[in-house]
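# Inside the fold
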Amino acid sequence: MRPSKLGRSGCGKQGAYNYSHRHDADTIARLEVKFRECAHPDETRRRQISEELGLDLKQTKSERLDNNALRLENERLQSENLIMRESLKNVFCVPCGGRSLGAEERELYFQTLRAENILLTKEVKIQAPNPGINIPSLTPTLDQDFPPLGRDISALHQDNMPPLDLDLDAVLEILNKDMFPQPMMSQSRDTEKALMSQIANTAMEELMKLLSMNEPFWFRSLLDGKFILQRDSYQRIFHRSNCFSGPHVRIESSKDSRVVNMSGAQLVEMFLNSDKWVNLFPTIVKKAQTIQVFESGLLGNRNGALQLMNAEMHILSHLVPTREFLFLRYCKQIEVGVWTIGDVSLDSSKYKTTVSRVWRLPSGCLIEEMTQGLCRVSWVEHVEVDEKIQTHQLFRDVICGNNAYGAERWVLTLERMCERFACASAETIPSCEAGGVIRSPEGRRSIMHLAHRMVKNFCRTLDMQDNTNFPHLTRMNNGGVRVSVRMNNTEPGVPKGMILNAATSFWLPLSPQNVFDYLIDNKERAKWDVLCNGNAVHEIQRISIGSNPGNCVSIMRPFIPRENNIMIIQESYVDALGSMLVYAPFDMEAMNFASRGEDTSLLPILPSGYTISWDGQSNDLEGQSGQVDKSGGSLVTLMFQLLASSPCRISMVDIEFVGSVNTLVTSTVKKIKASLNCSNLK
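These numbers come from a predicted model, not from an experiment. Along every chain, residues carry numbers that run from 1 in the direction the sequence is written. Under the rules for a predicted model, residues below a pLDDT of 70 receive no local features and side-chain atom pairs below 80 are neither given nor counted, while totals for whole chains, interfaces and linings still include all residues. In computing side-chain values, all of the structure's heavy atoms are included and hydrogens and water are not.

Moving on: the overall build of the chain. Think of it this way: any DSSP run of H or I at least four residues long counts as a helix, any run of E at least two long counts as a strand, and we number them from the N terminus. Summing up its helical and strand segments, the chain has 19 helices and 20 strands in all. Buried, partly exposed and exposed residues are distinguished by accessible area as a fraction of the type maximum, computed with a 1.4 Å probe on protein chains only: under 20%, between the cut-offs, and over 50%, respectively. Relative to its 682 residues, the chain shows a buried fraction of 45%. Counted over contacts in the chain with a minimum sequence separation of 6, partners at least 24 positions apart contribute 65%. We get accessible surface area from the Shrake-Rupley algorithm with a probe of 1.4 Å; when it comes to residues, only the shown protein chains can shield them. As displayed, the chain offers around 35400 Å² of accessible surface, 53% of which is attributable to carbon and sulfur atoms. We call two residues in contact when some of their heavy atoms are within 4.5 Å.

Written out as structure tokens, the structure reads:
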């Protein structure tokens, strides 16, 4: 702050006179009144004022000048003070991007460490084999590296000491209550909200340009006509630096669009509700959570909605790594009937629990309402990935070719799920489905709800990430089969007890459509489905869930002598990127319960199934007709789930049972290969 001019002017004789002969407040106030009545009095008027106030002529003039100058100086100082206060709120640490630490936050950090040190010392003394051992203090000194505010305190353990399992949340909560009064916490939330809004708006500007413009950002591939991001043009305009560094870093970028059977307003609501969003993309989004809502948006159109979310995404196989994102989701209505939903990753140790090696650059979709309840959805997917743990070689070409998590998969899934929701909302049973075991629209919706939950369960457990890891059980690689176990005691809608998962992935030199046609054929099912026990099956009900004939829910009954109680419910779909088939056994009583339209959300279900996709090595050669010839093979993943009955602990699992499941998987793969004339493949 620059020095006052008045301070400098008070050095001379005139300044000494002015500041040593100041008058009382009453005299100054009366003088101000006189000068407000006449700002520029003449000599006669000044003499009259001097006589009334008991001042000489020179004092009358100089006092007025001093008061004006001091008032201006005071206003300037207050303005500068306000500007500097606002600037300090927005100071960031250059290395980490976090807000600068204040004295109170620094003191909070040290108080947390002191409290933690007391707990650690007590715990180590209890667990130490020799009570006489001297326990050194674990509190860092001031000359140690001090973590910035944007970094979690738990990072201290990772860098400077071994990890210890302590609940610091309670300690932090107590200290926060003591250190930060309510007004300060409110001010901190306002600052955080302003920062999030700034990040979201910047990302939205970038996303809008990528969605609305092709050149100079996008050009179409001559092989398959798909959009490819021109990275030089993108970098020249947006000047974005990489989030990761190293030899395994790569960028995934794609753009696509589809017309879907749902209104724009409905889609916006589903995108802004984490549970509905998972239901909309069950084959991509494993789980999602809304952490904090900064803005709910305007009532009726949700314009301006801003929220912090996290999500886990996984597809195709247990060999494909799960992706975890922490991101801001922002909704902006461009005009009536047109919205943009934008996502951008956020690096905040306050919310994150694990270190993610993927970063969501500004991505999202443009939703444009059309007539007859339809809307066009244009999608941009832009992700930076650091694959320190390399993807399995079977799926490397699929993942690196933008076919795994690209825009095409998102819009194809959205198109298919919107068709499914439209079929589920039908008020009558279509004529093509009449004559089956389902007699009412309520029963039809109940069966569809059960099948949808079955698909979600299958996709959620496909990565086996949440299973308990024991070396002698969870990673048996006999013939490429992975076997793992998990206990379920609390999750509703899943059988209670020990559940064994077994999965494998393999390649076939056939198109995904050919593999799907074989698996969906009920005449061939007895060759690979152990539930049929070698007998044929009869489809007693088929529910259409899309325009493609392969998109359906089926209820089947195997012809098993002396066992008339078993039923199979199955959902299948097929699209341009591949297909999926998921099924689960039910007894007759449970199926009748669902067919009557009862609530099936608590019916225990344990699905198995297949995922089928292109292998990413297709020979994309343009034929005479101008169509791209995809002559590559398929990647098939099968996963079985079985209830391991009586044992109540992981350590009690029967190794012979595990071996039987392993044999079941390998024999099923052999039967499929034999039926498709691929027995010579390894």
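As a further point, take the packing of helix 14 (residues 407-424) against helix 15 (residues 441-461). Axis lines are fitted through C-alpha atoms, for helices just across the contact stretch, and the angle between N-to-C directions can take any value from 0 to 180 degrees. Contact geometry for helix 14 and helix 15: axes closest at 10 Å, N-to-C directions at 150 degrees. Relative to helix 15, the element helix 14 lies roughly antiparallel. Contacts between helix 14 and helix 15 involve Met417, Arg420, Cys423 and Ala424 on the former and, on the latter, Arg444, Arg445, Met448, Ala451 and His452. The labels follow the angle: roughly parallel below 35 degrees, roughly antiparallel above 145, roughly perpendicular from 65 to 115, and oblique for the rest.

Let us now look at the nonpolar core. Throughout this description, the term nonpolar core refers to a set of buried Ala, Val, Leu, Ile, Met, Phe, Trp, Tyr and Cys residues connected via side-chain atoms within 4.5 Å. Ranked by internal contacts, the top residues of the largest apolar core, which has 46 residues, are Leu267, Phe271, Trp277, Phe281, Ile367, Val377 and Trp379. Ranked by residues supplied to this core, first place goes to helix 14 with six residues. Apart from residues lying up to four places away in sequence, Trp277 is in contact with Met270, Phe271, Val285, Ala288, Met309, Ala311, Met313, Phe327, Arg329 and Trp410. One finds Leu500, Phe516, Ile568 and Val665 within the second-largest nonpolar core, a separate group that totals 33 residues.

Here we come to the sheet that holds strand 20 (residues 634-643). The pairing criterion for strands is at least two bridges between them, as found by DSSP. If you trace the eight strands from one edge of the open sheet to the other, you get 11-12-20-17-16-15-14-13, paired in antiparallel fashion. Each edge of the open sheet carries a strand with a single partner, namely strand 11 (482-488) and strand 13 (537-544). Strand-to-strand twist across the sheet, computed as the mean angle between neighbouring axes with direction ignored, equals 20 degrees. Of the pairings in the sheet, the one linking strand 13 to strand 14 (residues 552-558) comprises seven bridges and is antiparallel in character. Across the sheet, the residue bridging to Gln541 is Ile555, located in strand 14.

Within this document, salt bridges are pairs made up of a side-chain nitrogen of Lys or Arg and a carboxyl oxygen of Asp or Glu, the two lying within 4 Å of each other. Counted by the stated rule, this structure contains 20 salt bridges. Arg323 is the salt-bridge partner of Glu252, the closest N and O atoms lying 2.7 Å from each other. Residue Glu252 is found in strand 3 (residues 249-260), and its partner Arg323 is found in strand 6 (residues 323-335); the two are separated by 71 residues along the sequence. Ionic pairing is found between Lys286 and Glu312, a salt bridge with its closest N-O pair at 3.8 Å. Of this pair, Lys286 sits in strand 4 (residues 285-295) while Glu312 is found in strand 5 (residues 306-313), placing the two residues 26 residues apart along the sequence. Glu312 carries the same exposure label as Lys286, and that label is buried.

Counting buried positions along strand 9 (residues 363-369) yields five of seven residues, so the element is predominantly enclosed. Two elements, strand 7 (residues 338-345) and strand 9, share six bridges in a ladder whose sense is antiparallel. By the bridge assignment, Thr340 is partnered in strand 9 with Leu366. Between strand 9 and strand 10 (residues 375-386), which follow one another and run antiparallel, lie five residues, and Gln372 among them has a positive phi close to 60 degrees.

Moving on, we come to the confidence of the model for the chain. As a per-residue measure, pLDDT reflects the predictor's confidence and takes values from 0 up to 100. For the chain, per-residue confidence averages 78 on the pLDDT scale, and 71% of positions sit at 70 or higher. pLDDT under 50 marks residues 469-478. Its contacts with residues more than four places away, or in other chains, come to 24 contacts. Low pLDDT, under 50, characterises residues 620-630; the predicted model gives this stretch 15 contacts beyond four residues in sequence or across chains.

Of note, Ser505 is situated in strand 12 (residues 497-508). Polar side-chain contacts of Ser505 include one of 2.8 Å to the side chain of Ser317. Polar contacts here mean pairs of N or O atoms no more than 3.5 Å apart (in protein, one a potential hydrogen donor and the other a potential acceptor; neighbouring residues in sequence count only if both atoms are side-chain atoms). In terms of polar contacts, Ser505 uses its side chain to reach the side chain of Thr637, at 2.6 Å. Not counting chain neighbours up to four residues away, the residues in contact with Ser505 comprise Ser317, His318, Leu319, Leu394, Phe395, Val636 and Thr637.

Before going further, it helps to examine the packing of aromatic side chains. What counts as a ring pair is set by centres within 6.5 Å for rings of Phe, Tyr and Trp (its six-membered ring), and what kind of pair is set by the plane angle: stacked under 30 degrees, edge-to-face over 60, tilted for all other angles. What the rule picks out here adds up to 12 aromatic pairs. Look at Trp218 and Phe227: their rings are 6.4 Å apart centre to centre, the planes differ by 75 degrees, and that puts the pair in the edge-to-face class. Of the two residues, Trp218 and Phe227, neither departs from the other in class, the shared state being buried. For the pair Tyr234 and Phe238, a centre-to-centre distance of 5.0 Å together with 50 degrees between the ring planes defines the contact as tilted. Remark: Phe238 and Tyr234 occur in helix 10 (residues 231-238); sequence separation between them is four residues, near one turn of the helix. An identical accessibility class is assigned to Tyr234 and Phe238; each is buried. Linked through ring pairs, Phe271, Trp277, Phe281, Phe327, Trp379 and Trp410 together constitute an aromatic cluster. A cation over an aromatic ring shows up here: Arg525 above the ring of Tyr583, its NZ or CZ 4.9 Å from the ring centre. Counted as over-ring charges are cases with an Arg CZ or a Lys NZ within 6 Å of the ring centre that also lie within 35 degrees of the ring normal.

Looking now at the environment of Lys287. Relative to the assigned elements, Lys287 resides in strand 4. Overall, Lys287 belongs to the partly exposed group, its relative accessible area being 36%. For the pair Lys287 and Glu312, spaced 25 residues apart in the sequence, the C-alpha separation amounts to 5.4 Å.

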